[in-house]
Amino acid sequence: MQKKADGIVPVMLTPLTDDNRIDWEGLGRLVDWYVEHGADALFAVCQSSEMQRLTLAERVELARRTVEFAAGRVTVIGSGHISDAPEAQREELKAMADTGVDAMVFVTNHLDPANSGTEAFRAGVDLAISSVPLDMPLGLYECPAPYRRLLSDDEFKLCRDTGRFVTLKDVSCNIDTVRRRVSLAEGSGFAVVNANAAIAAEAMRAGGKGFAGVFSNIHPDLYAWLYANRDADSDLRRRLEVFLALAAMAEPMGYPVLAKIYHTRLGTFGSAHARVIDFDITERYWAVMELLEHIETGTAQFRAEIAAQAVT
């Protein structure tokens, strides 16, 4: 039952056309780009995918086509778990489980919508597990919206002890929490995958299993190199850690549109349209395009350094 759902796990964008439809051809090119740039698994239908603004039919088709485009090259995990009402949750989880994803990811804040505590969380986990096939690997995602519902240690152990959970997208943004969870998960096959760029390298060295932050949409290959070389005593590794942490500070400046603009420049897809942002990011965030150009330049420079090192 266990499937690899860790390493570099991009939180996938959803390419949209200017008239607000999903761009399926663009999605295919995006999947290829992730695979070619070091992804170990793809997290389809998550917050970066704008899942809260997609219909259930769109979420299901998005997951199904991601599996189709990935064609077994990498693991595909999926969520789209956006409902609070039990019957609505059951409907969407059953539908998503039928798309062919390799693991189903539960969103922690929907397992306990009112933030009532561990007993409500336990009931939510039981409902979610009963909604998917018995042999389906599971994951958890501490999605920040509608509120960030972090796991307590007891809740982490509750999920670990089911033997069903293979991955946690950790959004604690706290290295001590990551270390504690890694220790709790030891020997269980329950991977803790950090999503915060500021602690990315330190979390990797602490036993975190890769990276699943939003800038996996810009330079997943650089995170892949960092993960493989996390313990290297090298100037390149140290400089790359700093660059990745600082580059990710652009996230509040219009993401996911910022990442979509990056991909329109690459030619991955044709429009930067997003349903979650209804304003011109260049008007609200001064010099954001110049900032993106600096990120692009730095990304190219580090890619060249890494390539040159590989040759020597």
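Just so it is clear, the model here is predicted, and its values are computed rather than measured.

Digging into the nonpolar core
Link 1 in the chain: Core analysis: the biggest nonpolar cluster contains 104 residues, and Met104, Phe106, Leu140, Tyr141, Phe165, Phe215 and Tyr223 have the highest contact counts within it.
Link 2 in the chain: The greatest single-element share of this core, amounting to 6 residues, is contributed by helix H13 (residues 288-311).
Link 3 in the chain: Apart from residues no more than four positions distant in its own chain, Phe106 is found in contact with His81, Leu93, Leu111, Ala128, Ile129, Val132, Leu138, Gly139, Leu140, Tyr141 and Phe165.

What to know about the packing of helix H9 (residues 220-228) against H13
Link 1 in the chain: Closest axis-to-axis distance for the H9/H13 pair is 10 Å, and the angle between their directions is 45 degrees. With respect to H13, the element H9 is oriented oblique. You can see that H9 and H13 cross each other, and the crossing is left-handed. Together, Asp221, Leu222 and Trp225 of H9 and Thr299, Phe302, Arg303, Ile306 and Gln309 of H13 make up the contact between the two elements.

Examining the sheet that holds strand E6 (residues 165-170)
Link 1 in the chain: Across the sheet, 6 strands lie side by side as E2-E3-E4-E5-E6-E7; this open sheet has parallel pairing. This sheet does not close on itself; its edge strands, each paired only once, are strand E2 (41-44) and strand E7 (191-194). Averaged over all adjacent pairs, the angle separating strand axes in this sheet is 25 degrees, with direction ignored.
Link 2 in the chain: One ladder, built from 4 bridges, connects strand E5 (residues 138-141) with E6; its direction is parallel.

Comments concerning the packing of helix H10 (residues 235-247) against H13
Link 1 in the chain: Remark: H10 packs on H13, axes separated minimally by 11 Å, with the N-to-C direction vectors making an angle of 155 degrees. As the angle between them shows, H10 and H13 are arranged roughly antiparallel. Viewed along their axes, H10 and H13 form a crossing whose handedness is left-handed. Contacts between H10 and H13 pair Leu236, Arg239, Leu240, Phe243 and Ala247 from the former with Ile295, Gly298, Thr299, Phe302, Glu305, Ile306 and Gln309 from the latter.
Link 2 in the chain: A breakdown of the residues in the contact of H10 with H13 according to their chemical character gives 7 nonpolar, 3 polar and 2 charged.

What to know about the pattern of salt bridges
Link 1 in the chain: Overall, the coordinates contain 25 salt bridges when judged by the stated rule.
Link 2 in the chain: When the shortest N-O distance is used, the salt bridge between Arg238 and Asp233 registers 2.7 Å.
Link 3 in the chain: Exposure remark for Arg238: the relative accessible area of 38% places this residue in the partly exposed category.
Link 4 in the chain: Asp233 sits in the exposed class, given a relative accessible area of 69%.
Link 5 in the chain: Overlapping salt bridges, with partners in common, bring together Glu61, Arg64, Arg65 and Glu68 in one network.

Section: the pairing of strand E3 (residues 75-78)
Link 1 in the chain: Along E3, one buried face is formed by Thr75 and Ile77 and the opposite face, lined by Val76 and Gly78, is buried too.
Link 2 in the chain: Where E2 meets E3, 4 bridges bridge the pair, whose relative direction is parallel. Residue pairing in the sheet places Phe43 in a bridge with Ile77 of E3.
Link 3 in the chain: Regarding topology, helix H2 (residues 56-70) serves as the crossover connection from E2 to the parallel E3, and that connection is right-handed.

Parameters and conventions
Residues numbered from 1 in each chain as written. Predicted model: local features only at pLDDT ≥ 70, side-chain atom pairs only at ≥ 80, totals over all residues. Heavy atoms only, no water. Core = buried A, V, L, I, M, F, W, Y, C linked by side-chain atoms within 4.5 Å. Buried < 20%, exposed > 50% of the residue type's maximum accessible area, 1.4 Å probe, protein only. Helix = DSSP H or I, 4+ residues; strand = E, 2+ residues; numbered from the N terminus. Contact = heavy atoms within 4.5 Å. Axes fitted to C-alpha atoms, helices over the stretch in contact; angles between N-to-C directions. Parallel < 35°, antiparallel > 145°, perpendicular 65-115°, else oblique. Left-handed = near helix turned anticlockwise from the far one by under 90°. Pairing = 2+ DSSP bridges. Nonpolar A, V, L, I, M, F, W, Y, C, P; charged D, E, K, R; others polar. Salt bridge = Lys/Arg side-chain N within 4 Å of Asp/Glu carboxyl O. Right-handed = clockwise from strand over helix to strand, strands pointing away.

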